[in-house]
Amino acid sequence: MNSIKMLLKRFGAAALSVAAWLCFTGHASACAVCFGAAGEKATDAAANAILFLLGVIVTVMGGIAAVAVTLYLRARKHQALQVTDV
């Protein structure tokens, strides 16, 4: 009985979100801009905006990863220097 309560407690939020998603999928239709024809200026502008924002996100995440790798390598080098000094 405890395991069932634990499972309900652990997966309750996920089950609730899936149920909400299934109930409200009809209400989440695309707006007029996204649903527009492929050759319209508004649709092309929305696609370009999405690509631009993806580029910004990838650039920022790449910078964060570069800083993390740099800090890791510096810490490893510093640790190696401390071990040889002893």
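Residues numbered from 1 in each chain as written. Predicted model: local features only at pLDDT ≥ 70, side-chain atom pairs only at ≥ 80, totals over all residues. Heavy atoms only, no water.

K.L.:
Sorry, what's going on with the overall build of the protein here?
P.N.:
Helix and strand counts for the protein stand at two helices and zero strands. Of all 86 residues assigned to the protein, the portion counted as buried reaches 1%. Roughly 7,800 Å² of accessible area belongs to the protein as shown, and the carbon and sulfur atoms make up 73% of that amount. (Helix = DSSP H or I, 4+ residues; strand = E, 2+ residues; numbered from the N terminus. Buried < 20%, exposed > 50% of the residue type's maximum accessible area, 1.4 Å probe, protein only. Areas by Shrake-Rupley, 256 points an atom, 1.4 Å probe, with all protein chains shown as cover.)

K.L.:
Can you walk me through a nonpolar patch on the surface in this structure?
P.N.:
The grouping of Phe52, Leu53, Val56, Ile57, Val60, Met61 and Ile64 at the surface amounts to a nonpolar patch, some 690 Å² of accessible area in total. Mapped onto the elements of the fold, Leu53 is located in helix H2 (residues 41-85). (Patch = residues over 30% accessible without salt bridge, like charges linked within 9 Å, V, L, I, M, F, W, Y side chains within 5 Å. Salt bridge = Lys/Arg side-chain N within 4 Å of Asp/Glu carboxyl O.)

K.L.:
Looking at this structure, how should I read the environment of Thr59?
P.N.:
Looking at where Thr59 falls in the secondary structure, it is placed in helix H2. Overall, the relative accessible area of 58% leaves Thr59 in the exposed class. Of the polar contacts made by the side chain of Thr59, one reaches the backbone oxygen of Gly55; its length is 2.7 Å. (Polar contact = N/O pair within 3.5 Å; in protein donor to acceptor, adjacent residues only side chain to side chain.)

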